[in-house]
Amino acid sequence: MLFMFHCVDKAGAADIRAANRAEHLAYLEANAGRIFAAGPLLSDDQSGMVGSLLIVECADAAAAEAFAAGDPYAKAGLFDSVTIRPWRRVYPKA
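This one's a predicted model, so the numbers in the text were calculated from it and none came from an experiment.

The rules behind the values
Residues numbered from 1 in each chain as written. Predicted model: local features only at pLDDT ≥ 70, side-chain atom pairs only at ≥ 80, totals over all residues. Heavy atoms only, no water. Helix = DSSP H or I, 4+ residues; strand = E, 2+ residues; numbered from the N terminus. Rg over C-alpha atoms; globule rule 2.2 N^0.38 Å. Buried < 20%, exposed > 50% of the residue type's maximum accessible area, 1.4 Å probe, protein only. Contact = heavy atoms within 4.5 Å. Areas by Shrake-Rupley, 256 points an atom, 1.4 Å probe, with all protein chains shown as cover. Lys, Arg positive; Asp, Glu negative; His and termini not counted. Charge placed at Lys NZ, Arg CZ, Asp CG, Glu CD. Pairing = 2+ DSSP bridges. Axes fitted to C-alpha atoms, helices over the stretch in contact; angles between N-to-C directions. Core = buried A, V, L, I, M, F, W, Y, C linked by side-chain atoms within 4.5 Å.

**Student:** Quick one: what's the story with the overall build of the protein, residue by residue and with numbers?
**Tutor:** Per the secondary structure count, the protein includes 3 helices and 4 strands. Walking the protein from its N terminus toward its C terminus, one meets helices and strands in the order β-α-β-β-α-α-β. Whereas a compact globule of 94 residues would reach a radius of gyration of roughly 12 Å, the protein reaches 13 Å, a difference of no more than 12%. Based on the C-alpha atoms only, the size of the protein along its principal axes is roughly 35 × 25 × 20 Å. Taking all 94 residues of the protein together, 32% fall into the buried category. Long-range pairs, those at least 24 residues apart, make up 71% of the contacts in the protein with a sequence separation of at least 6. Here the protein has roughly 5,800 Å² of accessible surface; of this, 56% comes from carbon and sulfur atoms. Here the protein holds 9 positive side-chain charges and 11 negative ones, and the gap between their average locations is 8 Å.

So this is what it looks like as structure tokens:
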């Protein structure tokens, strides 16, 4: 089942994001076969990153929670909030 992860950075945490970016990208690469989409959320003026949006294949909600908890960004305390919801692809049709 696919799950959507909407992660919002803490205000003023750009240094945490930068310091943990390489480990975060390595985590995504290690899980690439499960990732439908992933990328940063941008500020309104597109000058910086303010969060993350991922859609990831997980067996169930517990596995989705474990995936989120394993992200180096989460371990470093980057996020102010993380929302996880089941997601269904409608378009484009698979």
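**Student:** Break down the sheet that holds strand 3 (residues 49-57) for me, citing the residues and quoting the values.
**Tutor:** Ordered in space as 2-3-1-4, the 4 strands form an open sheet in which the pairing is antiparallel. Edge positions in the sheet fall to strand 2 (35-42) and strand 4 (79-87), since each has one partner strand and no second. Each adjacent strand pair in this sheet contributes to an overall mean axis angle of 15°, direction not counted. Packing against the sheet, helix 1 (residues 14-30) makes contact with strand 1 (2-9), strand 2, strand 3 and strand 4, and its axis sits at approximately 10° to strand 3. On the sheet, helix 2 (residues 61-70) packs against strand 1, strand 3 and strand 4 and is oriented at approximately 35° with respect to strand 1.

**Student:** Got a sec to walk through the nonpolar core? Specific residues and values, please.
**Tutor:** General note: in soluble globular proteins, nonpolar side chains tend to be found buried as a group. Formed by 16 residues in total, the largest nonpolar core has its most connected members in F5, L54, C58 and F67. Mapped by element, the contributors of at least two residues to this core are strand 1, helix 1, strand 3, helix 2 and strand 4. Setting aside its immediate chain neighbours within four residues, F67 contacts F5, Y27, L28, N31, R34, L54, V56 and C58.

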